[in-house]
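Observations on the model geometry
Chain residues, written in single-letter form:
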Amino acid sequence: MSAQHEVGRRRTFAIISHPDAGKTTLTEKLLLYGGVIQLAGAVKAKRGRANAVSDWMEMERERGISITTSVLAFPYRGLQLNLLDTPGHADFSEDTYRTLHAVDGAVMLLDSAKGVESQTRKLFRVCRQRSIPIFTFVNKLDRPGRDPFELVGEVESVLGIGVYPITWPIFRGGTFRGVYHRLRRRVYLFESDRANSSSTTGAERPPVEVTGIDDPAVREALDERGYQQLRHDAELLDAAGDGFHEEKFLAGELSPMFFGSAVNNFGLEAFLETFCELMPPPRTRQSDQGPVEPAGAEFSGFVFKIQANMDKAHRDRVAFVRICSGKLVKGMKVHHVRSGRDLRLANPTQFLARDRATVEESYAGDVVGLHDTGAFEIGDTLTGGSSFAFEGIPSFAPEHFRRLALVDPMRRKQFSTGIEQLAQEGTVQLYRPPAGRYGDLVLGALGQLQFEVVKYRLEAEYGVEVRVEAVPWQLARWASRVDGAPLAPDELAEAVEGQVVLDVRNRLVVLFDREWALRTAEKFHPELRFAETASGVVVRAA
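First things first, this report covers the structure right here in the doc. Per chain, residue numbering runs from 1 following the sequence as it is written. Given that the model is predicted, a residue must reach a pLDDT of at least 70 before its local features are reported, and side-chain atom pairs must reach 80 or more before they are shown or counted; all residues, however, enter totals for whole chains, interfaces and linings. In computing side-chain values, all of the structure's heavy atoms are included and hydrogens and water are not.

**Considerations on the sheet that holds strand β7 (residues 167-172)**
Let me state the cut-off plainly: Any two strands between which DSSP finds at least two bridges are classified as paired. Counting from the N terminus, the helices are DSSP H or I runs at least four residues long and the strands are E runs at least two residues long. As a rule, the C-alpha atoms of each element are fitted with a line to give its axis, helices using only the stretch in contact, and angles between N-to-C directions run from 0 to 180 degrees. Note on definitions: a residue-residue contact is assigned when non-hydrogen atoms from the two residues lie within 4.5 Å.
Taken together, the 4 strands give an open sheet; going across it, the order is β7-β8-β9-β10, and neighbouring strands pair in antiparallel fashion. If you trace the sheet from one side to the other, it starts and ends with β7 and β10 (208-212), each paired once. Averaged over neighbouring strand pairs, the angle between their axes works out to 30° when direction is ignored. Across the sheet, helix α7 (residues 216-240) is in contact with β7, β8 (175-181), β9 (186-190) and β10; its angle to β7 comes to roughly 140°. Each of β7, β8 and β9 is contacted by helix α9 (residues 268-278), which is oriented at about 25° to β8, the strand it contacts most.

Structure below.
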């Protein structure tokens, strides 16, 4: 197969949603349809039910939430689907933001009863900023929910994006019985005895009867009222809306909408078929030396995630790389742009959550894991020899701060190793005093639960017990000079009322205990910039 053909087969996407909209359940069902797993798992596993494949961390299994991004590669209908299953808890937005830099499209999942929720709005904004295509899947039609027309209107008004319903839900006496595919003019009917969820419902692909809207069997399956409602809705949709414009969809201005029930597998087949037709292959990526085409001959990619201890037995550390152009071959040498060094890729791996397999070749659009001895940072660019760099992945100012107190001082070495690795993979942000100064290590996070994750992982993976203690800091800002000149820690400390620290990338950060201190620093020192996000290295004097 030619490299161009292989690139054309790749579809790299993420699923974004508010917590509890059913994202991990949908992920499991896509794996079921892809033939990767034989029995779809549940996020909150009960006796006799399988755990979700994508939730591989022990803490995820215990709590029934997705905490870390999983990478899932599987084939479907001649395509290679690379699904990045992002965290579904509200506290884990930064990991999700980074992941959205690595995908070419997204599936926005909505709860049919709740519509557009707060976390969905945040993630949607990131997708819009990157102008990536967005599919909308309205989930949980097996439960009482809102009127479909109302949901369409809410997405358009709240998110400011056009919506084109491609599938439309059909009911019999209030029970979800199937979907009508508007582009194909086909009706997908599901068996009524599978309409109510139970411990085994949705474990396998349901039998689906596909027929035309005028088939008498449809009228019989829906009863007269349900059938007339379907005809009325179909005519109203055709009369009220414009047609589907693929150019607007690819620009992120129009979202095709689908309806279904992930737990029952209702509506998934119609969604997947259309998804494979519409989802674009890998896109052109911008670098500091111009656009990089996915069909280009030279290998290039960037690190968007680092995960420590996926295999606790080997204490390994994996850097996840999104390939942007060319071909990665096992054993090849690549250029690490930030350090200027060449590295050999001995055993690149592909993932199904924690399970991994060595790959001989990977192409643009694929996500591979590289064994990391500490050489990689999030945002690093790898090339076949050139020195261009892809746009940086920003760090976001945390909203919560804590210090960790070591219970057993004899475990200080393990503590230092563990907290450094967790900070480098982005679980939390680690702030330490400038060189030669004494002070506490301060942790920053976007959500409270991340501190629990750090405490849990330090104990489970490094054998270190810690106490989480309060600190007075409420705001963190990356500090630099407006003119780009170097900035010394002592000079900064004299200018602000706050604690001057360094982050894990050696950038100057000021911790403020109140908004007033930040505003005062901005007012009296216009020559300094205090930024909520940072990318790359902020220049500082020694």
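Having put the structure on the table, let's press on.
**Examining the packing of helix α10 (residues 412-424) against helix α11 (residues 449-462)**
Two numbers describe a pair of packed helices, the interaxial angle and the distance between the axes. Convention followed: Here is the rule for angles: anything less than 35 degrees is roughly parallel, anything more than 145 is roughly antiparallel, 65 through 115 is roughly perpendicular, and the remaining ranges are oblique. In this scheme the crossing of two helices becomes right-handed for a clockwise turn of the near helix relative to the far one and left-handed for an anticlockwise turn of less than a right angle. All amino acids are sorted into three groups, where Ala, Val, Leu, Ile, Met, Phe, Trp, Tyr, Cys and Pro are nonpolar, Asp, Glu, Lys and Arg are charged, and the leftover types, Gly among them, are polar.
Close contact between α10 and α11 brings their axes to 10 Å; oriented N to C, the two are set at 125°. On the basis of their axis angle, the class for α10 and α11 is oblique. Two packed elements cross with a definite hand, and for α10 against α11 that hand is right-handed. Where α10 approaches α11, its residues Q414, F415, G418, I419, Q421 and L422 are matched on the opposing element by V454, R457, L458 and Y462. For the contact of α10 with α11, the residue count by class is 6 nonpolar, 3 polar and 1 charged.

**Digging into the sheet that holds strand β31 (residues 508-512)**
Strand order in this open sheet of 4 strands is β30-β31-β29-β32, and the pairing throughout is antiparallel. Both outer strands of the open sheet, β30 (499-502) and β32 (528-531), are each paired with one neighbouring strand and no more. Put simply, the sheet's adjacent strands are angled 35° from each other on average, direction ignored. Judged from the 4 bridges that link them, strand β29 (residues 475-481) and β31 form a sheet pairing that is antiparallel. Residue pairing in the sheet places A476 in a bridge with L511 of β31.

**Brief notes about the nonpolar core**
The tendency in soluble globular proteins is for nonpolar side chains to be buried as a group. Put simply, the rule reads: Think of a nonpolar core as a cluster: buried Ala, Val, Leu, Ile, Met, Phe, Trp, Tyr and Cys residues, connected wherever their side-chain atoms sit within 4.5 Å. Think of it in three bands: residues with accessible area under 20% of the maximum for their type are buried, residues over 50% are exposed, and the middle band is partly exposed, with areas taken using a 1.4 Å probe on protein chains only.
Ranked by internal contacts, the top residues of the largest apolar core, which has 63 residues, are M108, V155, F304 and F376. With 6 residues, the single largest contributor to this core is strand β15 (residues 317-325). With 31 residues, the next largest nonpolar core counts L26, Y76, L81 and F258 among its residues.

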